[in-house]
Amino acid sequence: MTPEQLRTALKELNGERDATFAFTGLADHAAQLTVHGAMLIPVEPDHLVKVTDGHSVYIVEAERVAWIRISLGRKANP
């Protein structure tokens, strides 16, 4: 996956969805990352793909992404 393809896949992350990333080439304990309330950070001069949960920034190496699970969103309490 290229960084541009990854950005396209993540464009709906607006803080209301969780995203789980699975990576290739890492030890089992480091092969998955879940970002709760994920938001895609707009392109910056460094052109890295960055996602935030509002507390931390995660840099995602597009070439190592095996798959991504994006939740459908949080349900409002009635």
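First things first, this report covers the structure right here in the doc. Please read these numbers as outputs of a predicted model, since none were measured by experiment. (Residues numbered from 1 in each chain as written. Predicted model: local features only at pLDDT ≥ 70, side-chain atom pairs only at ≥ 80, totals over all residues. Heavy atoms only, no water.)

Let's talk about a nonpolar patch on the surface
Logical step 1: On the surface, L48, V57 and I59 cluster together into a nonpolar patch covering about 270 Å² of accessible area.
Logical step 2: When you line up the elements, I59 lands in strand 4 (residues 57-60). (Patch = residues over 30% accessible without salt bridge, like charges linked within 9 Å, V, L, I, M, F, W, Y side chains within 5 Å. Areas by Shrake-Rupley, 256 points an atom, 1.4 Å probe, with all protein chains shown as cover. Salt bridge = Lys/Arg side-chain N within 4 Å of Asp/Glu carboxyl O. Helix = DSSP H or I, 4+ residues; strand = E, 2+ residues; numbered from the N terminus.)

What to know about the environment of D53
Logical step 1: Topologically, D53 is positioned in the loop between strand 3 (49-52) and strand 4.
Logical step 2: Sequence separation between D53 and A31 is 22 residues; the distance between their C-alpha atoms is 19 Å.
Logical step 3: Apart from the residues within four sequence positions on either side, D53 is in contact with V35, H36, G37 and Y58.
Logical step 4: Reaching out from D53, the side chain makes a polar contact with the backbone nitrogen of H55 at a distance of 2.8 Å.
Logical step 5: Reaching out from D53, the side chain makes a polar contact with the side chain of Y58 at a distance of 3.3 Å. (Contact = heavy atoms within 4.5 Å. Polar contact = N/O pair within 3.5 Å; in protein donor to acceptor, adjacent residues only side chain to side chain.)

Thoughts on the pairing of strand 1 (residues 14-23)
Logical step 1: Of the pairings in the sheet, the one linking strand 1 to strand 2 (residues 32-40) comprises six bridges and is antiparallel in character. Each bridged residue has a counterpart across the sheet, and for N14 the counterpart in strand 2 is M39.
Logical step 2: Sheet topology places strand 1 next to strand 5 (residues 65-70); five bridges connect them, and they run antiparallel. Its bridge partner being in strand 5, T20 is matched across the sheet by R69. (Pairing = 2+ DSSP bridges.)

Observations concerning the sheet that holds strand 3
Logical step 1: Read across the sheet, five strands follow the order 4-3-2-1-5 without closing on themselves; strand pairing throughout is antiparallel. What marks the edges here is a single partner per strand, and that holds for strand 4 and strand 5. Sheet twist, expressed as the average angle between the axes of neighbouring strands with direction ignored, equals 45°.
Logical step 2: Of the strand pairs in this sheet, strand 2 and strand 3 are connected by two bridges, and their pairing is antiparallel. Across the sheet, the residue bridging to M39 is T52, located in strand 3. (Axes fitted to C-alpha atoms, helices over the stretch in contact; angles between N-to-C directions.)

Observations concerning unusual backbone geometry
The bulk of non-glycine residues show a negative phi, and the bulk of peptide bonds are trans.
Logical step 1: With a phi close to 60°, H47 is a non-glycine residue in the positive phi region.
Logical step 2: Among the secondary structure elements, H47 is positioned in the loop between strand 2 and strand 3.

What to know about the nonpolar core
Logical step 1: Counting residues in each nonpolar core, the largest one holds 14 residues, and the members touching the most others are L6, L10, F21, V51 and V60.
Logical step 2: Sorting the residues of this core by element identifies helix 1 (3-10), strand 1, strand 2 and strand 3 as the ones contributing at least two each. (Core = buried A, V, L, I, M, F, W, Y, C linked by side-chain atoms within 4.5 Å. Buried < 20%, exposed > 50% of the residue type's maximum accessible area, 1.4 Å probe, protein only.)

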